Amino acid sequence: MKKIMLSAITCLLLTTGMDAQRKELAITFSGLNSFGFSYRAGNDAALWRFNTVLGLANSSKRTYDSLENSSSSTQIRLAAGREWRKPINEKLTFRYGLDLRGSFRKNYSEYKDMRNVPFPNNRLSEDIVYGAGTNLVLGFNYQFSPNFLAGLEFLPSYTYYFGNGRNSSNNQVVASYDIQEWTTDINLNAILLSLVYVFD
């Protein structure tokens, strides 16, 4: 799935960028621990847009009495869509549009019994989840100079998540499960900030 999405986005980038009057390359920030890159191509009124958001690989190791806990979480999101722009004044522009999006997330948590006992209490939980959905684009651009601008976007989304996970105890699987859910994201994680370089 990831290879297909990457190939499709690469082809779209090449075809939309060839005849574009305006091109933009941006670094983006979402939430407290996610960043990514954005490429847009078109004209002053409408552009094709391609986004990547990389959730930083959060990892931690803690000790609770005789248990050592190691955990990690990684997320990648890709999106492609179309946006339109309406100038408010010379510096400020309103943006609106729609994206199609896909995502990959992996969570891992392990508890290791540090006691020297015949039957330790070791536990492992992990899951892999994919997502497919859509989001609206509502935002503004502020033009600092002909080649640089800052952007603020609100991206309320509706996403279907699917995947599987397992729980293990002492290297034996005690439970496996499927994940299927629809979610709506309208919180602070749906806000995207961007620093943009504009070129022809």
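Details of the structure are given in the entry above.
Residues numbered from 1 in each chain as written. Predicted model: local features only at pLDDT ≥ 70, side-chain atom pairs only at ≥ 80, totals over all residues. Heavy atoms only, no water.

> What should I look at first to understand the pairing of strand β7 (residues 148-154) in this one?
A regular strand places its side chains so that they alternate between the two faces of the sheet. Residues L149, G151 and E153 of β7 are buried on one face, while the alternating residues F148, A150, L152 and F154, pointing to the opposite face, are not. When strand β6 (residues 123-145) meets β7, the two strands line up antiparallel, connected through seven bridges. Following the sheet pairing, L138 is matched in β7 by F154. The hairpin turn running from β6 into β7, its antiparallel successor, is two residues long. Direction of pairing for β7 relative to strand β10 (residues 191-199): antiparallel, over a ladder of seven bridges. What sits directly across from F148, in β10, is Y197. (Buried < 20%, exposed > 50% of the residue type's maximum accessible area, 1.4 Å probe, protein only. Helix = DSSP H or I, 4+ residues; strand = E, 2+ residues; numbered from the N terminus. Pairing = 2+ DSSP bridges.)

> Honestly, the side chain of R85 in this entry has me stumped. Any pointers?
Its place among the elements puts R85 in strand β4 (residues 67-87). At 2.7 Å, the side chain of R85 forms a polar contact with the side chain of E24. Residues in contact with R85, not counting those within four places in the same chain, are R22, E24, R40, D44, A45, L47, T93, F94, R95 and N141. (Polar contact = N/O pair within 3.5 Å; in protein donor to acceptor, adjacent residues only side chain to side chain. Contact = heavy atoms within 4.5 Å.)

> Explain empty space enclosed by the protein here, please?
In this approach a probe as big as a water molecule rolls over the atoms, and the regions it shows empty are the leftover space. Per the stated rule, a full pass over the model turns up two cavities of 30 Å³ or more. The wall of the largest cavity is formed by N51, T52, V53, R77, L78, A79, D99, R101, N135, L155 and L192. Going through the elements one at a time, β3 (46-64), β4 and β5 (92-113) are the ones with two or more residues in the lining of the largest cavity. The computed volume of the second largest cavity comes to approximately 30 Å³. Taken together, Q75, S103, F104, R105, V129 and Y161 form the lining of the second largest cavity. Ranked by the residues each element gives to the lining of the second largest cavity, the list is headed by β5, at three residues. Partitioning the lining of the second largest cavity into residue classes produces three nonpolar, two polar and one charged. (1 Å grid on protein atoms, 1.4 Å probe; cavity = no way out; pocket = protein on both sides within 12 Å on 5 of 7 lines; lining within 4 Å. Points joined across faces, edges and corners; volume = space filled by probe spheres on them. Nonpolar A, V, L, I, M, F, W, Y, C, P; charged D, E, K, R; others polar.)

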